[in-house]
Structures are given as C-alpha cells and as structure tokens.
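What the coordinates show
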Amino acid sequence: MAGYKPVTIQAFPVLGEKITQDTLYWNNYKTPVQIKEFGAVSKVDFSSQPPYNYAVTASSRIHIYGRYSQEPIKTFSRFKDTAYCATFRQDGRLLVAGSEDGGVQLFDISGRAPLRQFEGHTKAVHTVDFTADKYHVVSGADDYTVKLWDIPNAKEILTFKEHSDYVRCGCASKLNPDLFVTGSYDHTVKMFDTRTNKSVISVEHGQPVESVLLFPSGGLLVSAGGRYVKVWDMLKGGQLLVSLKNHHKTVTCLCLSSSGQRLLSGSLDRKVKVYSTTSYKVVHSFDYAASILSLALAHEDETIVVGMTNGILSVKHRKSEAKKDSLPRRRRPAYRTFIKGKNYMKQRDDILINRPSKKHLELYDRDLKNFRISKALDRVLEPSCTIKTPEITVSIIKELNRRGVLANALAGRDEKEISRVLNFLIRNLSQPRFASVLINAAEIIIDIYQPVIGQSPVVDKKFLLLQGLVEKEIDYQRELLETLGMMDMLFATMTRKESTSMLQHASDGFLENKKIES
C-alpha cells in the first residue's frame with residue numbers, strides 16, 4: 001500500500017495593508033493595558049508637563065493616572081452628580097472639571113478639595129478649558145450658554161448665548177487668550193472673541209458637533225459630528241478645506257499627534273483613524289472592542305489612551321528601543337568550519353548513504369490517513385486554527401470535498417459543533433480568496449440541516465445570517481460576470497475599430513502610390 005501523502009495547504013493570497021512608515025510607527029506599541037472604570041469614559045486629557053500624568057473622567061469620579069501606572073495616583077470625587085469633563089492647565093498644576101449639576105470646579109493637583117467653584121450654569125457642563133493666559137476658564141453647557149470665568153475672583157466675566165442647542169465641545173486658543181471655539185448640537189461651530197463680546201466666525205458643520213480641535217498655530221480648525229470630520233481655514237473666515245467621511249458611525253473625539261502632522265479621530269464604530277494633515281488621507285487605523293468616546297496622546301506619542309462606552313480604558317505604551325549588548329561577542333566558528341566537506345567529490349569506489357529524514361504528520365493528516373473525517377474537520381475548526389491560520393481549515397474542507405466526504409463530515413453534529421462551523425463560514429465567506437470553497441460548503445450545510453431548523457434559536461439565527469451571506473455573495477458574482485461581459489464587448493468593439501482604421505490607412509496609401517506611379 002502506498003504511503004499517505006499529506007494535504008497540501010494552499011497559500012491563499014492575502015490582500016493586506018501596504019507597509020508604510022506610518023504602519024511601522026503606529027504599530028510600534030505594546031499590548032494594550034485595560035483598566036476598568038466605574039462608567040463610560042467621557043474624557044481623557046494628558047498634562048503637557050512632566051511626568052505627563054493624565055486625567056480620566058468616568059461617572060462621578062476623576063482619576064489621575066501616572067503614565068505607566070495601572071492604579072490611580074489621585075481621585076477627585078467631590079461631585080454631586082456625574083462628571084463629564086476635566087482638563088489640565090498648561091503648567092499641569094490645576095485641573096478644571098464640569099459636572100451634570102451645572103457646576104464648574106477647580107482643583108489643585110496636590111490637594112483633594114476644590115479650590116474654586118463656579119456657579120452659573122443651570123444644566124450639565126460638557127466642556128471646560130483654560131485660556132492661554134492661564135487665569136480664565138471657558139465652559140459650555142446644555143443650557144445653550146458659553147461662559148468665561150475669572151479664576152482669582154471666582155466670578156463670571158462674560159456669557160455668550162448665541163447657540164440654540166446643547167454646547168457639547170470646545171477648546172481655547174493656545175496663542176491668543178481672547179479666542180476660543182465651541183461646538184453645539186445646533187450644527188454650528190463658533191469662534192468667540194472676548195474683546196467683542198460676540199462670535200467673530202461661525203461655520204455650519206451640518207451635523208450635531210461632538211468635538212472641535214484647533215491646530216497649535218490657530219489657523220486651522222477641525223470639527224467632528226455625525227460621520228464627518230471637517231477642516232476649516234480660520235484665516236479665510238472659516239472656509240471649508242476638506243470634508244472627511246471615513247467612519248461608519250458618529251465621530252466622538254479628535255486628537256493631534258505631537259508633531260502636528262497626524263490627526264486622529266475616534267468613533268462609535270470602534271475605530272481610531274489616523275490622517276495625514278497634508279493630504280488628509282487615512283494612513284493607519286486602530287480597532288477596539290467597544291464604541292469610543294474619548295482619545296488622548298501623550299508627549300512624543302509615547303502613550304495612546306482610549307476611553308470606551310463599556311467603561312474600559314485602553315492604554316498603549318510605545319515599545320522601547322532594544323538596547324545593544326555591552327558584553328563582548330562570543331567568538332563563533334569560522335566560515336570554513338561550516339563548508340568543510342561541501343566540495344568533496346564522490347570517488348569511484350565510494351558508497352553514498354543518504355539518511356532519510358523522518359516526516360511527522362499533522363494531527364489532521366493522521367485523522368485523514370485513518371479515515372476519521374469528522375475528527376479531522378473538528379481539529380481545524382478549533383479557534384486557534386480558524387483565527388490564526390484559516391487557510392488550513394479551508395484546505396481541509398477543500399480536500400474533504402475532493403474526496404466526496406464533505407457532507408458526511410458535516411452531518412450529525414449537535415448545536416455546539418454546528419455553531420462552530422457556521423461561525424467560521426460567516427466570518428470568512430465574504431473573503432474573495434475563500435469564497436469559491438466556502439460557498440459550496442455553505443450550500444451543503446443548508447441542504448443537510450434545513451429540515452431541523454426551528455429547534456435551536458441560536459442556530460436558526462446563524463443559519464439565516466449564513467443564507468443571507470450566500471445569496472449576497474452569489475448576487476455579487478452575478479454582477480461581476482455581467483460587468484465582465486460588458487467590458488469584453490467594449491474591448492472587442494475597440495479592437496474591431498482599430499483593425500478597420502489600419503485597413504483603411506493601408507488602402508489609402510495604396511491608392512496614393514498608384515496615383516504617383518501614373
């Protein structure tokens with residue numbers, strides 16, 4: 001009996017992302033550290049001064065974390081109700097926070113009790129920030145007002161009532177102490193000047209504004225709301241430069257890299273997009289487990305912190321450069337040691353003995369060799385295989401189909417086993433490199449288990465989803481075939497026209513030669 005030939009695992013082409021300098025830079029982070037907070041993380045803000053601590057606002061507490069600590073080094077909880085925002089002053093010594101009861105409180109990082117309390121808003125305060133001179137605070141609330149407060153006197157200086165809906169975001173200019181920007185659910189972004197007591201620029205975003213960001217130079221403004229991220233030129237009176245629509249759900253937060261050359265946006269679609277500020281194209285993307293509410297970057301992009309709706313704080317630290325070994329290198333064998341005997345020529349009386357290398361079969365190959373087809377399929381449906389190397393699973397399914405025993409391997413499974421098969425098909429059916437093999441397997445499963453649908457709600461739901469995916473994939477292939485047919489007709493027509501023009505040109509030249517000869 002001939003020896004068993006192992007299954008050849010096909011190398012399916014992967015349509016992966018192009019490796020660029022941005023890919024290498026933004027992938028150079030360690031495995032994220034996850035910290036559980038008491039509620040949804042609505043705001044994260046880094047101090048601009050060493051040691052670059054960051055403030056996390058969640059529920060009724062504000063936690064101060066060290067950049068590399070997993071436990072808060074300080075907690076502020078003197079709030080009557082939920083706290084929504086907290087921002088460091090430029091020197092990192094003071095922290096201002098806004099809460100649901102309409103209060104604005106100022107804290108000293110070295111203490112616990114609030115230094116100042118600003119009372120004036122009647123509804124929840126969602127945005128606070130320090131002006132460039134460090135002696136004033138700007139706040140915006142759900143009472144449609146924007147207020148400017150004096151820190152030494154703890155008094156209200158100005159009130160702006162130009163918004164017609166909730167004021168949910170804002171930021172102050174880093175250069176001019178008289179300028180600050182607010183965004184509202186009335187779809188507008190306004191820039192205010194304290195010297196004129198009114199807004200000097202107003203732009204229409206088109207969606208409820210969730211976040212605004214001023215570039216350090218103050219010349220560009222970024223607004224986020226709905227699925228759009230828009231960039232405005234403030235030096236031209238608020239002219240729209242570009243409108244980006246790269247998220248599938250509402251964009252909730254914005255952030256700039258330390259160099260100012262990359263813009264980051266977080267969204268409810270659980271993704272963080274990185275844009276180039278020169279071309280405004282997406283150069284990288286991060287995926288997270290839940291919808292994103294807040295985002296912040298540390299000094300020199302050393303740490304990226306993301307707050308999510310499920311109360312999880314994801315902290316990624318940049319990998320440190322590998323240190324060179326200071327120990328002297330151990331001397332290794334010379335090159336001639338390894339090539340010794342390589343050029344030896346076989347003599348006439350020499351006998352060459354080849355030592356056969358023993359090949360070990362994989363577990364699924366052993367099962368196939370012993371005709372345990374269901375066991376072989378179960379092995380390649382383990383999560384460790386389906387997630388890391390799905391091409392092995394697809395190759396085994398293809399081999400079973402070639403042998404004509406795929407239906408036998410799929411039949412007779414219980415709810416848990418069939419759920420694993422359906423999960424793999426649902427995850428990979430839409431991938432072009434696997435579609436030709438998995439569509440056939442999906443049709444076999446539907447034919448086998450169609451009579452027992454209705455006995456398990458979990459399996460029924462996955463069956464309906466799988467059936468929809470198969471129909472959708474078949475429709476896509478039908479449309480592609482129709483498009484291919486139209487392209488073939490166009491190419492054939494173009495070829496016919498070119499050949500006709502060449503014949504016409506040849507005939508004209510022949511007639512001209514006849515005239516010259518005559």
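Residues numbered from 1 in each chain as written. Predicted model: local features only at pLDDT ≥ 70, side-chain atom pairs only at ≥ 80, totals over all residues. Heavy atoms only, no water.

A word on the environment of Ala97. Mapped onto the fold, Ala97 is located in strand E7 (residues 94-99). The contact partners of Ala97, leaving out residues within four places of it in the chain, are Ile62, Phe79, Cys85, Ala86, Gly103, Val104, Gln105, Phe107 and Val128. (Helix = DSSP H or I, 4+ residues; strand = E, 2+ residues; numbered from the N terminus. Contact = heavy atoms within 4.5 Å.)

Let us now look at the packing of aromatic side chains. This structure, assessed with the given rule, holds 13 aromatic pairs. Measuring from centroid to centroid gives 6.2 Å for Tyr144 and Tyr166, while their planes differ by 45°, and the two rings are tilted. You can see Tyr144 sitting in the loop between strand E11 (136-141) and strand E12 (146-150) and its partner Tyr166 sitting in the loop between strand E13 (155-160) and strand E14 (167-172), a full 22 residues away along the chain. For Tyr166, a relative accessible area of 30% translates into the label partly exposed. Aromatic pair Tyr166 and Tyr185: ring centres 6.2 Å apart, planes at 45°, arrangement tilted. Linking Tyr166 in the loop between E13 and E14 with Tyr185 in the loop between strand E15 (179-184) and strand E16 (188-193), this pair joins segments that are 19 residues apart in sequence. The class for Tyr185 is partly exposed, based on a relative accessible area of 21%. Three or more aromatic residues link up through ring pairs in this structure, and these residues are Tyr25, Trp26 and Phe286. (Phe/Tyr/Trp six-rings, centres within 6.5 Å; stacked < 30°, edge-to-face > 60°. Buried < 20%, exposed > 50% of the residue type's maximum accessible area, 1.4 Å probe, protein only.)

Turning our eyes to something else, we now look at empty space enclosed by the protein. Under the defined criterion, the tally for this structure stands at two cavities of 30 Å³ or more. In this structure, the largest cavity is lined by Thr127, Val128, Asp129, Val138, Ser139, Gly140, Gly170, Cys171, Ala172, Phe180, Val181 and Thr182. Grouping the amino acids of the lining of the largest cavity by side-chain chemistry returns six nonpolar, five polar and one charged. If you add up the space inside the second largest cavity, you get close to 40 Å³. Lining the second largest cavity are Leu377, Leu381, Ile397, Leu406, Leu410, Val421, Leu425, Ala441 and Ile445. Within the residue set of the lining of the second largest cavity, elements represented by two or more residues are helix H7 (406-410), helix H8 (415-428) and helix H9 (432-449). For the lining of the second largest cavity, the per-class residue count stands at nine nonpolar, no polar and no charged. (1 Å grid on protein atoms, 1.4 Å probe; cavity = no way out; pocket = protein on both sides within 12 Å on 5 of 7 lines; lining within 4 Å. Points joined across faces, edges and corners; volume = space filled by probe spheres on them. Nonpolar A, V, L, I, M, F, W, Y, C, P; charged D, E, K, R; others polar.)

Attention shifts here to the sheet that holds strand E17 (residues 198-204). Here four strands make up an open sheet; going across it, the order is E14-E15-E16-E17 and the pairing antiparallel. Looking at which strands have only one partner, the edges of the open sheet turn out to be E14 and E17. Going from strand to strand, the sheet's axes swing by 20° on average, the running direction of each strand aside. Summarising the sheet, E14 and E15 pair through five bridges and their orientation is antiparallel. (Pairing = 2+ DSSP bridges. Axes fitted to C-alpha atoms, helices over the stretch in contact; angles between N-to-C directions.)

Turning our eyes to something else, we now look at helix H4 (residues 373-380). Along H4, the residues classified as buried are Ile373, Ala376, Leu377 and Val380. An end-on view of H4 places all buried positions within 95° of arc, on one side of the element. Residues of H4 that are buried sit in contact with helix H3 (363-369), helix H5 (383-388), helix H6 (390-403) and H7. (Arc of directions from axis to C-beta.)

It is worth spelling out the state of the cysteines at this point. Taken as a whole, this structure holds zero disulfides when the rule is applied. As a non-bridged cysteine, Cys85 has Cys169 as the owner of its nearest cysteine sulfur, 11 Å distant. What makes Cys85 buried here is its relative accessible area of 3%. Of the cysteine sulfurs around Cys171, a residue in no disulfide, the closest is that of Cys169, at 8.2 Å. Assessed through its relative accessible area of 13%, Cys171 is described here as buried. (Disulfide = S-S within 2.5 Å.)

A separate point is the sheet that holds strand E18 (residues 211-214). What the four strands build is an open sheet, ordered E18-E19-E20-E21; its pairing is antiparallel. Of all the strands in the sheet, just E18 and strand E21 (239-244) have a single pairing partner and so form its edges. Along the sheet, successive strands turn relative to each other by an average axial angle of 20°, direction set aside.

For the rest of this paragraph, the subject is the pairing of strand E26 (residues 292-297). Buried residues dominate E26, accounting for five of its six residues. Pairing between E26 and strand E27 (residues 303-308): five bridges, direction antiparallel. Bridging from a neighbouring strand, Leu295 pairs with Val306 of E27. In textbook terms, the turn of a hairpin is the stretch between consecutive antiparallel strands, and for E26 and E27 this stretch comprises five residues, one of which, Glu300, has a positive phi near 60°.

As paired elements, strand E20 (residues 228-233) and E21 share five bridges and run antiparallel to each other. Looking across to E21, one finds that Trp232 is bridged to Leu240. Counting the residues between successive antiparallel strands, the hairpin from E20 to E21 contains five residues, one of them, Gly237, with a positive phi of roughly 80°.

What follows deals with the nonpolar core. Counting 39 residues, the largest nonpolar core has Leu377, Ile397, Leu400, Leu425, Leu438 and Ile445 as the members making the most contacts within it. Going through the elements one at a time, H3, H4, H6, H7, H8, H9 and helix H10 (457-517) are the ones with two or more residues in this core. With 11 residues, the top contributor of residues to this core is H9. The next biggest cluster of nonpolar side chains, apart from the first, holds 17 residues, and it includes Ala290, Ile292, Val306 and Ile312. (Core = buried A, V, L, I, M, F, W, Y, C linked by side-chain atoms within 4.5 Å.)

To continue, consider the confidence of the model for the chain. Per-residue pLDDT for the chain has a mean of 87; in total, 92% of the residues score no lower than 70. Here residues 510-518 scores under 50 on pLDDT; set against residues more than four positions off or in separate chains, the count is zero contacts. (pLDDT = per-residue confidence, 0-100.)

So, about the UniProt feature "repeat: WD" (unreviewed entry) in the chain. Within this structure's numbering, the places UniProt gives as "repeat: WD" (unreviewed entry) are residues 118-159 and 244-285. From the first C-alpha to the last, residues 118-159 spans 13 Å; its make-up is 0% helix and 55% strand. Structurally, residues 244-285 is divided into 0% helix and 55% strand, and its ends, taken at the C-alpha atoms, are 15 Å apart. (UniProt positions renumbered as here; feature names shortened; annotations may be inferred.)

Residues Met487, Leu490, Phe491 and Met494 make up a contiguous nonpolar surface patch of roughly 420 Å² in combined accessible area. Note that Leu490 resides in helix H10. Owing to a relative accessible area of 54%, Leu490 belongs among the exposed residues under this scheme. (Patch = residues over 30% accessible without salt bridge, like charges linked within 9 Å, V, L, I, M, F, W, Y side chains within 5 Å. Areas by Shrake-Rupley, 256 points an atom, 1.4 Å probe, with all protein chains shown as cover. Salt bridge = Lys/Arg side-chain N within 4 Å of Asp/Glu carboxyl O.)

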